[in-house]
Structure formats: structure tokens, C-alpha cells
Amino acid sequence: MLSPAQDTAALLQRCSNGDDDAYGELFELVYTDLHRRARRWGGGPGATLSTTALVHETFLSLAGSRIAPNDRAHFFRIAARAMRRVLIDASRRRNARKRGDGREALTLDTSLVAPDRELDLVALDQALEQLATSEPRLAQVVELHFYGGLEFTEIARLMEVSERTVARDWRAARALLHLALSEQATSTDGNA
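Residues numbered from 1 in each chain as written. Predicted model: local features only at pLDDT ≥ 70, side-chain atom pairs only at ≥ 80, totals over all residues. Heavy atoms only, no water.

**Student:** Summarise the overall build of the chain; cite the residues concerned and give the values.
**Tutor:** The secondary structure content of the chain amounts to eight helices and zero strands. Counting helices and strands in the order they occur from the N terminus, the chain gives α-α-α-α-α-α-α-α. For the chain, the residues scored as buried account for 43% of the 192 residues in total. Long-range pairs, those at least 24 residues apart, make up 63% of the contacts in the chain between residues at least 6 apart in sequence. When the accessible surface of the chain is split by element, carbon and sulfur atoms take 50% of a total near 10,700 Å². (Helix = DSSP H or I, 4+ residues; strand = E, 2+ residues; numbered from the N terminus. Buried < 20%, exposed > 50% of the residue type's maximum accessible area, 1.4 Å probe, protein only. Contact = heavy atoms within 4.5 Å. Areas by Shrake-Rupley, 256 points an atom, 1.4 Å probe, with all protein chains shown as cover.)

**Student:** Lay out unusual backbone geometry in plain terms, naming residues and giving numbers.
**Tutor:** Phi at E160 is positive, roughly 60°, even though this residue is not glycine. Along the chain, the position of E160 falls in the loop between helix 7 (152–159) and helix 8 (163–191). Taking relative accessible area as the criterion, E160 reaches 73% and is therefore assigned exposed.

**Student:** Just give me the short version of the nonpolar core, but keep the residues and values in it.
**Tutor:** Judged by nonpolar contacts, the single largest core of 53 residues is most densely connected at F59, F75 and Y147. Listed by contribution, the elements that provide at least two residues to this core are helix 1 (4–16), helix 2 (20–38), helix 3 (51–65), helix 4 (72–96), helix 5 (121–134), helix 6 (136–147), helix 7 and helix 8. Take this core: its biggest share by element is 10 residues, from helix 4. (Core = buried A, V, L, I, M, F, W, Y, C linked by side-chain atoms within 4.5 Å.)

Here's what the structure looks like:
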């Protein structure tokens, strides 16, 4: 019997060779892990997507893109990026709806925003894109940890750096993103 890592590697190889059945098998194999990672984003009051919907949307976007990941770690890096895109798109749709429909606002317990402010995923995405141009490794750490739900040990292994480096990158990225989000809020408040 093959280990999950061996099964995943074999399925990823089949996916990269264009085997459509492999995507379904891959989904079954990684579903629980994706669901665990997505749980932090879905299902609460005012949530844009349920956890299950987020996992399914993420996987559909992965399968639709015909990805060819090298290994399990690469797959989850791509999944973190896809989950980010799904969340940003859902947030944009939610922000585009008419305001004041009586729903409670989505708030997430996160160190990237002040406790009294609602997390604006679109603003965060813009700040993260800016960070990626100047500090790509810091942006990748944020994407993997914040969106992908990977622990620092997983990120360190994936990026081939020490766990201490990942922790340092996370702190630096948080500070830079907090500054960028504060500047965005100030410029938005000043323009209103």
C-alpha cells in the first residue's frame, strides 16, 4: 500500500499527463486537508462562502487550470494561491452588493488588521500584490500561512529555509501589510 505522499505524487504525475480521472482521485485524497485549511475562512456569521463551498470552488479552479504540480508541497502552494483568488473574488462580489441588507459583517480574528476593523480581503490582496513586487518571499509566506493555512514548519520545508526565517518573514510581512492597510484606510477616509 502506498503512503498518502506517494499516492499524491502518483496522482499529480497522472494529472500532469492529462489524466482527467486523476483530478477526482486527487480531490478525494486531499479533501480533508484542504477542508481543514479552509475552515478558518468559511461558515461563520456573514461569511461569504461556507468552508465546503470554499474547498469545492478552490478545487474546481485548480482542476480547471490543468495544473502540473511537482509534488504534494507544490500542490498545496498552488492550492493556497487558488484559495486566495476564490476568497478575493467572493469578497469583491460581496462588496459589490448593495450595502445595508441587515447581514452581519464578516470579521476574522487576524493579526493583519486592527481588532476594531473588518478585514477587507480586496485591500489585503492589493497590499499583498504590492509586497510581492518588493519582497516576493515575504508575500509567499503570507499567502501560504494566511490563505493556505500552512504552519511555519511546513512553509520552511516547502521554501527550503529555516523555520526561524519563516517566523521572521511573517513578522516583517505583517508589519509591512499593516502599514500598507493603514495607509489605504487613511487615504480612503481622507477621500470620503
